[in-house]
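Summary of structural features
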Amino acid sequence: MAETRYSKDHEWVRLEGDTATVGITDHAQNALGDVVFVELPEVGREVATGEACAVVESVKAASDVYAPLAGKIVEVNAGLADNPGLINSEPTAGGWFFRIEVADSTEFAALLDEAAYQRVVESEA
Amino acid sequence: MADQETPVLRETPLADLHRELGGRMVPFAGYAMPVQYPAGIMAEHLHCRARAALFDVSHMGQAELMGVGGAAAMEALTPADVLGLKPHRQRYALLTGDAGGILDDFMVTNLPTPEGTDRLFLIVNAANKDADFDRIAAHLPPGLRLQRREDRALLALQGPEAVAAIADHAPGVAALTFMGVAETTLFGVHAIISRSGYTGEDGVEISIPGERAEEVARALLKLDGVLPAGLGARDSLRLEAGLCLHGNDIDATTNPVEAGLVWSIGKRRRTEWNFAGAAVVRDALANGPKRLRVGLRPEGRQPARAHSVIQAADGVPVGEVTSGGFGPSVNAPVAMGYVISDYAADGTALEILVRGKALPCRVAAMPFQPHRYAR
């Protein structure tokens, strides 16, 4: 089964083979509110760890989404263009943002596990 | 060591109720205010347009100007026709500076006291209330007194069902027309109720004693069709309605002509030119303003936010967005901003720079969502 880890910027990352699927957490979507638009990276773009590569817009504000791992964008969730509300309704399933072909899979192990991520959420409350 | 100053935020009399309702509290004009409740900005906005939404706007400044000659004294500071305001009528007005800029916008009501003495009731923006009331007090001739009413809370009940919802609990309110004001009771509590608001919908604003505010708000929330709404929905509602937010769309650097608010200048005032900044306003009116506030409709779904640069199709900058977001009722992004007057005609194709990319848009008439006032 694929393992899920988290960034301190409130992204979740699911690694299958050397491909990481990335989205924002339930906590993040709740904090943002109703998502009305998403700007996704171009397929083929090389991203560095922590690089802003997507933007999520709620009624009130725009927020950056960062690449939690370095690598190449190999796929984006085209369904979000017509239905950005998926980010609110199913943030960790149909509301995924993009997939990265990971350059260095040891980076994944350095991300937060669920318990550590929960502590980040609580510390920001 | 703290890496930033954490100012102590003031609270309104409804702070405990906001938290109980799950309001997400944010700093606004020095107050902790609910930006939204668990329903979210989108649902709160749409509910206001469909039924009725209750907003706490107690952070705004309320004051009474007591004494004979108050209207004449106010006319030195605003281009609005205050002398011509009939009893129990309210008017939108601008507080102009000596250089013709808009120091604030406010509501003024001719509200004789129950004893029949002269009184103007003023409501100003929260962020400007100290400066506004200081300026007004400093300009008063002897015999007039400006009494701030920090003891009073202010609620807004807005939406097509708002007036019907309170009609049985607030004598005289159903008979008011848009911009009419009644000094009455609501659930037995003394209330100054105006048929006006900041959403484009029918509805009322309710001034009540702060110590009774929570009790009244709870009673309002029990009425059929009434749900709480936060400042987030208030902002998206007023933007769709094409209404200015002071500090964003109008400020001390914008004059009433370029802001498209000439309608708030009384006809008589345009012959007398005796308000603060009149020369600048007169000149802008005579020669045409260099820039104009316009509505903007971006193509597609992507919102354009305040401070984004507006450019012509050839890439030359022609203005700046002052308010922008997603309009839940319009179901599309909406914005307003200032452009050089040559580019201000409805339908003009322009671009807004969003994160380095040119987003096509058109100048569009406001309001984006038709007003539904009880005229």
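No experiment lies behind these values; they were computed from the predicted model shown. (Residues numbered from 1 in each chain as written. Chains lettered and ligands numbered in written order. Predicted model: local features only at pLDDT ≥ 70, side-chain atom pairs only at ≥ 80, totals over all residues. Heavy atoms only, no water.)

So, about helix α2 (residues 41-50) of chain B. With seven of 10 residues buried, α2 of chain B lies mostly within the body of the structure. Buried residues of α2 of chain B: I41, M42, E44, H45, H47, C48 and R49 of chain B, and no others. Where α2 of chain B is buried, its residues touch β4 (35-39) of chain A together with β2 (31-36), β3 (52-56), β9 (152-158), β13 (226-228) and α7 (231-240) of chain B. (Buried < 20%, exposed > 50% of the residue type's maximum accessible area, 1.4 Å probe, protein only. Helix = DSSP H or I, 4+ residues; strand = E, 2+ residues; numbered from the N terminus. Contact = heavy atoms within 4.5 Å.)

In this section: the sheet that holds β4 of chain A. Residues and elements named next belong to chain A. Ordered by their spatial adjacency, three strands build an open sheet running β4-β6-β7, and the pairing between neighbours is antiparallel. Edge positions in the sheet fall to β4 and β7 (62-66), since each has one partner strand and no second. Here the average twist between neighbouring strands, direction ignored, is 25°. The pairing of β4 with strand β6 (residues 52-58) spans four bridges and is antiparallel. Its bridge partner being in β6, V35 is matched across the sheet by S58. (Pairing = 2+ DSSP bridges. Axes fitted to C-alpha atoms, helices over the stretch in contact; angles between N-to-C directions.)

UniProt annotation of "domain: Lipoyl-binding" (unreviewed entry) refers to residues 19-101 of chain A when read in the numbering used here. Between the end C-alpha atoms of residues 19-101 of chain A there is a gap of 5 Å, over a span that is 18% helix and 42% strand. (UniProt positions renumbered as here; feature names shortened; annotations may be inferred.)

Our focus in this paragraph is the pairing of strand β2 (residues 11-16) of chain A. All names here are of chain A. As defined by bridge partners, strand β1 (residues 3-6) adjoins β2 across four bridges and the pair is classed as antiparallel. Bridge assignment links T4 to a residue of β2, and that residue is R14. Where β1 folds back on β2, the antiparallel hairpin that results is connected by four residues, among which H10 adopts a positive phi of roughly 70°. Taken together, the six bridges between β2 and strand β3 (residues 19-24) define a ladder with antiparallel strand orientation. Looking at β3, one finds that W12 is bridged to G23.

Quick look at the pattern of salt bridges now. Evaluation of the coordinates by the stated rule reveals 36 salt bridges over all chains. A salt bridge links E75 of chain A to R99 of chain A; its shortest N-O distance comes to 3.0 Å. One end of the pair, E75 of chain A, is in strand β8 (residues 71-76); the other, R99 of chain A, is in strand β9 (residues 98-102), with 24 residues separating them in the sequence. Look at E75 of chain A and you get partly exposed, because its relative accessible area is 36%. Taking relative accessible area as the criterion, R99 of chain A reaches 22% and is therefore assigned partly exposed. With a closest N to O distance of 2.7 Å, E75 of chain B and R268 of chain B form a salt bridge. Of the two residues, E75 of chain B is situated in helix α3 (residues 70-75) and R268 of chain B in the loop between α7 and α8 (269-272); the sequence distance between them amounts to 193 residues. Looking at E75 of chain B, the relative accessible area reads 5%, which means it is buried. Each of the salt bridges in this network shares a partner with another, and the network as a whole consists of E39 and E57 of chain A together with R305, R355 and K357 of chain B. (Salt bridge = Lys/Arg side-chain N within 4 Å of Asp/Glu carboxyl O.)

All names here are of chain A. Along the chain, the position of Y66 falls in strand β7. Overall, Y66 belongs to the partly exposed group, its relative accessible area being 27%. With 42 residues separating them in the primary sequence, Y66 and F108 have C-alpha atoms 15 Å apart. Apart from residues no more than four positions distant in its own chain, Y66 is found in contact with D9, E11, G50, E51, A52, C53 and F98.

Every contact between the two is made by 13 residues of chain A and, on the other side, 18 residues of chain B. Approximately 1,300 Å² of surface area, both sides summed, lies buried where chain A meets chain B, with 50% of it carried by carbon and sulfur atoms. For the pair chain A and chain B, the interface holds five salt bridges. The partner of R355 of chain B in a salt bridge is E39 of chain A, and the shortest N-O contact between them spans 3.0 Å. If you look at where chain A meets chain B, you find 12 residue pairs in polar contact (both at pLDDT 80 or more). Of all the secondary structure elements, the ones that give two or more residues to the side of chain A that touches chain B are α1 (26-32), β4 and β6 of chain A. The residue makeup of the side of chain A that touches chain B, split by class, is seven nonpolar, two polar and four charged. (Buried area = accessible area lost by both parts, 1.4 Å probe. Polar contact = N/O pair within 3.5 Å; in protein donor to acceptor, adjacent residues only side chain to side chain. Nonpolar A, V, L, I, M, F, W, Y, C, P; charged D, E, K, R; others polar.)

As a further point, take the packing of α2 of chain B against α7 of chain B. Residues and elements named next belong to chain B. In the contact formed by α2 and α7, the axes pass within 8 Å of each other and the chain directions differ by 55°. In terms of orientation, α2 lies oblique with respect to α7. Relative to α7, α2 is oriented so that their crossing is right-handed. Contacts between α2 and α7 involve I41, E44, H45, C48 and R49 on the former and, on the latter, G232, A233, S236, L237 and E240. Here the contact of α2 with α7 is built from residues that sort into four nonpolar, three polar and three charged. (Parallel < 35°, antiparallel > 145°, perpendicular 65-115°, else oblique. Left-handed = near helix turned anticlockwise from the far one by under 90°.)

Turning our eyes to something else, we now look at the UniProt feature "modified residue: N6-lipoyllysine" (unreviewed entry) in chain A. Here, the residues flagged by UniProt with the feature "modified residue: N6-lipoyllysine" (unreviewed entry) are K60 of chain A. Within the secondary structure layout, K60 of chain A lies in the loop between β6 and β7. On the basis of relative accessibility, which here comes to 40%, the residue K60 of chain A falls in the partly exposed class. In contact with K60 of chain A, other than residues within four places in its own chain, are V35, I41, G232, D235 and R305 of chain B.

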